[in-house]
Structure formats: C-alpha cells, structure tokens
Amino acid sequence: CVCRRQSIPSLFGCLFAVLCLAVGAIAGKYSREMNDQKPSVDGKSTVEFRIAKLNQVWEKATRMQLPPVRQAELHSDLKIQEKDELQWKKSKAEGMDENGEREAKLRRGFNVILAKYGMDGKKDTRPLESNNLKDHDIREGDMFDDPRLDKLWNKAKSSGKFSEEEMQSLKREFQHHKDKISEYNIVMDTVSRTEGERNVISPLEGEVKQHVLHQKHTDLKDKMRDLNQGFERLRKLSHEGFSEDSEFKEPRVKELWEMAQRANLTGDELDSLKEELKHFETKVEKHSHYQEQLELSHQKLRHVEALGDNDHILRNQERYNNLAEKTREMGYKMKKHMQDLTSKISRKGLDRNEL
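Residues take numbers from 1 onward in each chain, read along the sequence in its written order. It should be noted that, the model being predicted, local features are given only for residues of pLDDT at least 70 and side-chain atom pairs only at 80 or more, the latter also being counted only at that level, while totals for whole chains, interfaces and linings use all residues. The basis for the side-chain values is all heavy atoms of the structure; hydrogens and waters are excluded.

### Digging into the overall build of the chain
Part 1 of the argument: Numbered from the N terminus, helices here are DSSP runs of H or I no shorter than four residues, and strands are runs of E no shorter than two. Along its length, the chain carries twelve helices and zero strands.
Part 2 of the argument: Relative accessibility under 20% of the residue-type maximum defines a buried residue, over 50% an exposed one, and the middle range a partly exposed one, all with a 1.4 Å probe and only protein chains included. Out of the 355 residues belonging to the chain, those deemed buried represent 36%.
Part 3 of the argument: Note on contacts: a residue pair qualifies if any of its non-hydrogen atoms lie within 4.5 Å across the two residues. Long-range pairs, those at least 24 residues apart, make up 69% of the contacts in the chain with a sequence separation of at least 6.

Written as structure tokens, this is what we have:
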C-alpha cells in the first residue's frame with residue numbers, strides 16, 4: 001500500500017494540505033456567496049442583495065407593484081439594512097456583541113422595514129389596533145392621520161401668513177413628523193410582541209432578552225421625547241412662521257442641527273458640523289428632485305404604454321429605469337450620510353458629557 005510506505009511527516013503534510021484546501025474552498029464559497037451578485041434562477045436579472053431575506057423582501061415588493069418612489073425608498077432602506085448586517089456579522093466573528101444587543105437592534109430594524117412597507121401581515125389592522133397616537137375617525141381635511149397634526153395644519157393653512165412656497169415647506173415638516181409617529185408606533189408594536197414572546201420562553205432565554213428589552217424601552221423613550229420636541233417645533237413654526245435667518249430648510253437637517261446644539265459641542269465643532277450639514281442638505285434636496293422626476297417619468301411611461309407605441313415605450317422605459325436606479329442610489333447615500341451624522345453627533349455629545 002502506498003500509504004504504508006510514506007513517512008509520518010509525509011502523512012501529516014498530506015493531511016494539512018487537504019485541510020487547507022477544504023477551509024479555502026469553504027471560505028471562498030462564503031466570500032463569493034456574500035459579496036458577488038449572481039444571476040437569478042431565470043438568468044435574466046441579478047440578485048439585488050447579498051442577504052437572502054432582503055432579496056425575498058425585494059422580490060415580494062416588486063410583485064406588490066409599490067409606487068415607484070416608495071419602491072426606491074424601500075431599496076435604500078434594504079441597502080442600509082444590508083450594510084449594517086454585514087458589519088455586524090464581521091464584528092460577531094471577531095467576538096463582539098456577546099449580549100446580542102446589536103443583533104436585536106438589527107432584527108428590530110428589519111421588522112420596522114416590513115411594517116413600514118406593509119409586508120408584515122398587519123397592513124390593514126395596525127392603524128386600528130396599535131396606533132395609539134392616531135386613534136380617531138378620519139375626516140375630510142385630515143391629511144396626517146393624527147388629530148393634533150391635522151388641527152395644527154388646518155390652523156396654519158387658514159392663517160394666511162404663509163406663501164405658497166412656505167406652505168410646501170411646512171407640509172414637508174408635517175409629513176416628516178407623521179413619518180416619525182409611524183416609526184414610533186411600529187417600534188412600540190415590535191416591543192410589545194417581544195414581551196409577549198418572553199412569557200413563553202425558558203427562564204434562561206428570558207434573562208438574555210431582558211437587557212435587550214430594556215434597551216428597546218430606552219429607545220422608545222428617546223423616540224417619544226424626540227416626537228414631543230418635534231411637535232413643539234411644529235407648533236412654534238405654525239404660529240410664528242419661518243425665520244429669515246434660519247440655518248436650514250429641510251426638516252431632517254434642522255433636527256440634526258438642533259440635536260447638535262443640545263449636545264454641548266464646542267464652537268469649532270458646531271461650525272464644522274454646520275458646513276457638513278449644508279452639504280448634507282444639498283444631498284437631501286437632490287434626492288427629492290430625483291424622486292419628483294421619477295414620479296413624472298412613471299406617469300409618462302403609463303401614458304405611452306396606453307398609446308401602444310413600442311418605440312416610445314422602450315425609450316421611456318429606459319429613462320424610467322435609469323431614474324429609478326439613480327433615485328435608489330441617491331436615497332442610499334443620503335440615508336447613510338444621515339446615519340453617520342446622527343452617530344457622530346451622539347458620540348461627540350456623549351464624550352463631552354463624560355469629561
């Protein structure tokens with residue numbers, strides 16, 4: 001037998017070589033599967049995301065035929081989720097996140113995405129069952145599904161103190177606050193479900209989840225405080241109007257600036273951040289422009305399809321596809337930039353308070 005004639009060192013050498021090849025193959029397979037976009041089963045399109053569950057959500061969304069701007073927003077949200085999950089997998093492999101706090105936050109973020117786009121199975125029941133902040137009958141003139149917001153909006157609209165352009169800016173402010181209310185309700189719903197699950201799991205698992213639940217409640221308190229501050233700002237804005245010396249126009253940028261001013265930053269840090277926020281606001285405005293163009297392109301495409309001119313359909317379809325891709329890309333960059341800015345402000349404020 002050939003093996004019997006080999007020396008002991010040679011046998012160990014062969015075994016080592018085989019192990020290296022096996023590990024290399026597994027690592028290569030993992031790396032390719034996680035990082036390469038591959039053709040889909042039908043061979044006609046590429047896989048959008050490197051995580052299977054995110055692809056399943058995207059494929060379901062395309063079947064649902066969400067409005068184009070909303071679909072682009074979903075794509076951006078999924079890209080952010082993908083980035084965060086891949087970073088978490090890397091950190092977990094390095095022995096971090098032992099208490100599972102970051103993993104729970106990612107899971108909650110994924111659930112928020114499902115609920116936000118009506119893919120969690122509660123699309124028709126949530127407003128009636130768990131939306132405590134907007135539990136009222138919808139009447140004519142109720143634009144924002146919240147009694148306090150609607151009352152404030154109608155009062156501002158009838159005051160006559162706002163120009164048409166200012167009313168559009170005010171509407172963006174109200175819509176932004178409405179979105180925050182919706183996100184709060186979604187997070188509250190996921191916390192309630194998690195607490196319900198805790199009653200049917202083992203005591204050991206319950207101890208592991210206790211810390212995570214505490215963090216969720218802390219997040220809820222922070223979001224509620226943020227909502228109250230946002231509503232107070234809206235109330236002041238509706239009564240006093242827009243200030244001519246206001247630093248920023250976009251609601252999200254204004255909130256970041258106010259957050260920075262509350263974070264006890266130095267004058268130099270605030271000046272530096274103000275410049276960065278100006279660049280960010282330009283990015284937000286550019287993204288809004290692309291969203292408007294995408295909606296117009298979609299309307300034109302539907303019109304051309306109704307006429308049945310194939311050449312016109314192909315040209316408009318190509319333009320629409322390009323705009324959709326650009327809008328998704330801009331949305332991702334904007335949301336990532338906002339995520340980075342929020343983290344930077346929170347981190348600097350925390351460091352300052354600890355000094």
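Text resumes after the structure shown.
### A few points about the pattern of salt bridges
Part 1 of the argument: In what follows, salt bridge is the name for a side-chain nitrogen of Lys or Arg lying within 4 Å of a carboxyl oxygen of Asp or Glu. All chains considered together, the criterion is met by 23 salt bridges.
Part 2 of the argument: Linking glutamate 255 and lysine 180 is a salt bridge whose minimum nitrogen-to-oxygen distance equals 2.6 Å. Placement of the pair is glutamate 255 in helix 10 (residues 251-261) and lysine 180 in helix 8 (residues 164-198), with a sequence separation of 75 residues. The same class applies to glutamate 255 as to lysine 180, namely buried.
Part 3 of the argument: A salt bridge links glutamate 276 to lysine 344; the nearest nitrogen and oxygen atoms lie 2.7 Å apart. Separated by 68 residues along the polypeptide, glutamate 276 in helix 11 (residues 267-307) and lysine 344 in helix 12 (residues 310-354) bring together distant segments of the chain.
Part 4 of the argument: With relative accessibility at 23%, the residue glutamate 276 sits in the partly exposed group.
Part 5 of the argument: When its relative accessible area of 25% is taken as the criterion, lysine 344 is described as partly exposed.

### What about the side chain of lysine 274?
Part 1 of the argument: Considering the arrangement of structural elements, one finds lysine 274 in helix 11.
Part 2 of the argument: With a relative accessible area of 18%, lysine 274 lands in the buried category.
Part 3 of the argument: Setting aside its immediate chain neighbours within four residues, lysine 274 contacts Glu247, Phe248 and Trp257.

### Notes on the side chain of lysine 254
Part 1 of the argument: Tracing the chain through its elements places lysine 254 in helix 10.
Part 2 of the argument: In this structure lysine 254 comes out as buried when scored by relative accessible area, which is 10%.
Part 3 of the argument: Discounting chain neighbours no more than four positions away, the residues touching lysine 254 are Glu173, Arg233, Phe242, Ser246, Phe248 and Lys249.

### Details of the packing of aromatic side chains
Part 1 of the argument: Pairing of aromatic side chains here covers Phe, Tyr and the six-membered ring of Trp, requires ring centres within 6.5 Å, and sorts the geometry by plane angle: under 30 degrees stacked, over 60 edge-to-face, intermediate tilted. A complete count under the given rule lists five aromatic pairs for this structure.
Part 2 of the argument: Judged by centre distance (5.4 Å) and plane angle (35°), the ring pair of phenylalanine 144 and phenylalanine 174 falls under tilted. Placement of phenylalanine 144 in the loop between helix 6 (126-129) and helix 7 (147-159) and of phenylalanine 174 in helix 8 is noted, with a sequence separation of 30 residues between them.
Part 3 of the argument: In this structure phenylalanine 144 comes out as buried when scored by relative accessible area, which is 1%.
Part 4 of the argument: Among the residues examined, phenylalanine 174 registers a relative accessible area of 0% and is labelled buried.
Part 5 of the argument: Among the aromatic residues, ring-to-ring pairing joins Phe144, Trp153 and Phe174 into one connected group.
Part 6 of the argument: Here the guanidinium or amino end of lysine 53 rests over the ring plane of phenylalanine 110, the centre of that ring lying 4.4 Å away. To sit over a ring, a charge needs its Lys NZ or Arg CZ within 6 Å of the ring centre and within 35 degrees of the ring normal.

### Here we look at the nonpolar core
Part 1 of the argument: The definition of a nonpolar core used throughout is a set of buried Ala, Val, Leu, Ile, Met, Phe, Trp, Tyr and Cys residues joined through side-chain atoms within 4.5 Å. Formed by 22 residues in total, the largest nonpolar core has its most connected members in Leu149, Trp153, Leu170, Phe174 and Leu220.
Part 2 of the argument: When residues of this core are traced back to their parent elements, those giving at least two are helix 5 (101-116), helix 7, helix 8 and helix 9 (203-240).
Part 3 of the argument: Tallying contributions element by element places helix 8 first for this core, with nine residues.
Part 4 of the argument: When neighbours within four sequence positions are excluded, phenylalanine 174 is seen to be in contact with Phe144, Leu149, Leu152, Trp153, Leu234 and Ser238.

### Focus on helix 7
Part 1 of the argument: Here helix 7 spans 18 Å end to end across 13 residues, near enough to the 18 Å set by a 1.5 Å rise per residue.
Part 2 of the argument: Looking at helix 7, one finds that the buried residues are Leu149, Asp150, Leu152, Trp153 and Ala156. One side of helix 7 holds all its buried residues, which, seen down the axis, span an arc of 165°. Facing away from the buried side of helix 7 by more than 90 degrees, the exposed set consists of Lys151, Lys155 and Ser158.
Part 3 of the argument: Between a side-chain oxygen at the N-terminus of helix 7 and the backbone nitrogen of arginine 148 the separation is 3.1 Å; the capping residue is aspartate 146.
Part 4 of the argument: The first or second residue beyond helix 7 is glycine 160, which carries a positive phi of 80°. Here, expected helix span is obtained from the residue count minus one, scaled by 1.5 Å. Arc definition: directions from the helix axis to the C-beta atoms. Side-chain atoms alone can form a polar contact between residues adjacent in sequence; in general such a contact is a pair of N or O atoms within 3.5 Å, and within protein one must be able to donate a hydrogen while the other accepts it.

### What to know about the confidence of the model for the chain
Part 1 of the argument: pLDDT is defined as a per-residue confidence score from the predictor, taking values between 0 and 100. Overall, the predicted model of the chain reaches an average pLDDT of 77, with 72% of residues at or above 70.
Part 2 of the argument: Least confident of the elements in the chain is helix 6, whose mean pLDDT is 38; most confident is helix 4 (residues 68-93), at 94.
Part 3 of the argument: Below a pLDDT of 50 lies the segment residues 199-204, which in the model reaches two contacts outside its immediate sequence neighbourhood of four places, other chains included.

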